Amino acid sequence: MTYIVFNFDESFPFTTKLVFKIMGGYKQLKPSFLERLGTKEKEKVRQSVQKILQWDFRRVIMAHGTIVEDDVKQKFKKGYECFLEKNF
């Protein structure tokens, strides 16, 4: 299972910032609106996120976006909170 999370900041081009302000992922470590909407196996995502939150990690290195190095677990948890709720 693959999870896509974004974190774009002010250093990116205007159109990238605009798109991710609308879709989610601008200055936030979180999946986009389309990712949340299109995920069919939400229970599996919830279980995976809970497992990841048990890990000792201090950094998230993005394939596309800005590396996150402060309050990483809290930001990750907040970004995936919609999947952590049982009534998603």
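Description of the structure in this document. Quick caveat: nothing in here was measured; it's all calculated off a predicted structure.

Applying the stated criterion across every chain, the model contains six salt bridges. A salt bridge links Lys27 to Glu10; the nearest nitrogen and oxygen atoms lie 3.0 Å apart. Linking Lys27 in the loop between α1 (14-23) and α2 (33-38) with Glu10 in the segment before α1, this pair joins segments that are 17 residues apart in sequence. By relative accessible area, which is 47% here, Glu10 ends up partly exposed.

Another point: the layout of surface pockets. Unfilled space is identified by rolling a water-sized probe across the atoms. Put simply, the largest pocket is a space of about 220 Å³. Lining the largest pocket are 14 residues, and of these Lys27, Gln28, Leu29, Lys75 and Lys78 sit closest to its centre. Every element with two or more residues in the lining of the largest pocket is listed here: α4 (72-79) and α5 (81-84). Here the lining of the largest pocket gets three residues from one element, more than from any other, and that element is α4. Counted by class, the lining of the largest pocket contains four nonpolar, three polar and seven charged residues.

Following both chains from N to C, one finds helix α3 (residues 42-53) and α4 inclined at 170°, their axes separated by 11 Å at the closest point. Relative to α4, α3 is oriented roughly antiparallel. Residues Val49, Ile52 and Leu53 of α3 form the contact with α4, whose participating residues are Lys73, Phe76 and Lys77. Within the contact of α3 with α4, the residues separate by chemical class into four nonpolar, no polar and two charged.

Conventions and cut-offs
- Residues numbered from 1 in each chain as written.
- Predicted model: local features only at pLDDT ≥ 70, side-chain atom pairs only at ≥ 80, totals over all residues.
- Heavy atoms only, no water.
- Salt bridge = Lys/Arg side-chain N within 4 Å of Asp/Glu carboxyl O.
- Helix = DSSP H or I, 4+ residues; strand = E, 2+ residues; numbered from the N terminus.
- Buried < 20%, exposed > 50% of the residue type's maximum accessible area, 1.4 Å probe, protein only.
- 1 Å grid on protein atoms, 1.4 Å probe; cavity = no way out; pocket = protein on both sides within 12 Å on 5 of 7 lines; lining within 4 Å.
- Points joined across faces, edges and corners; volume = space filled by probe spheres on them.
- Nonpolar A, V, L, I, M, F, W, Y, C, P; charged D, E, K, R; others polar.
- Axes fitted to C-alpha atoms, helices over the stretch in contact; angles between N-to-C directions.
- Parallel < 35°, antiparallel > 145°, perpendicular 65-115°, else oblique.
- Contact = heavy atoms within 4.5 Å.

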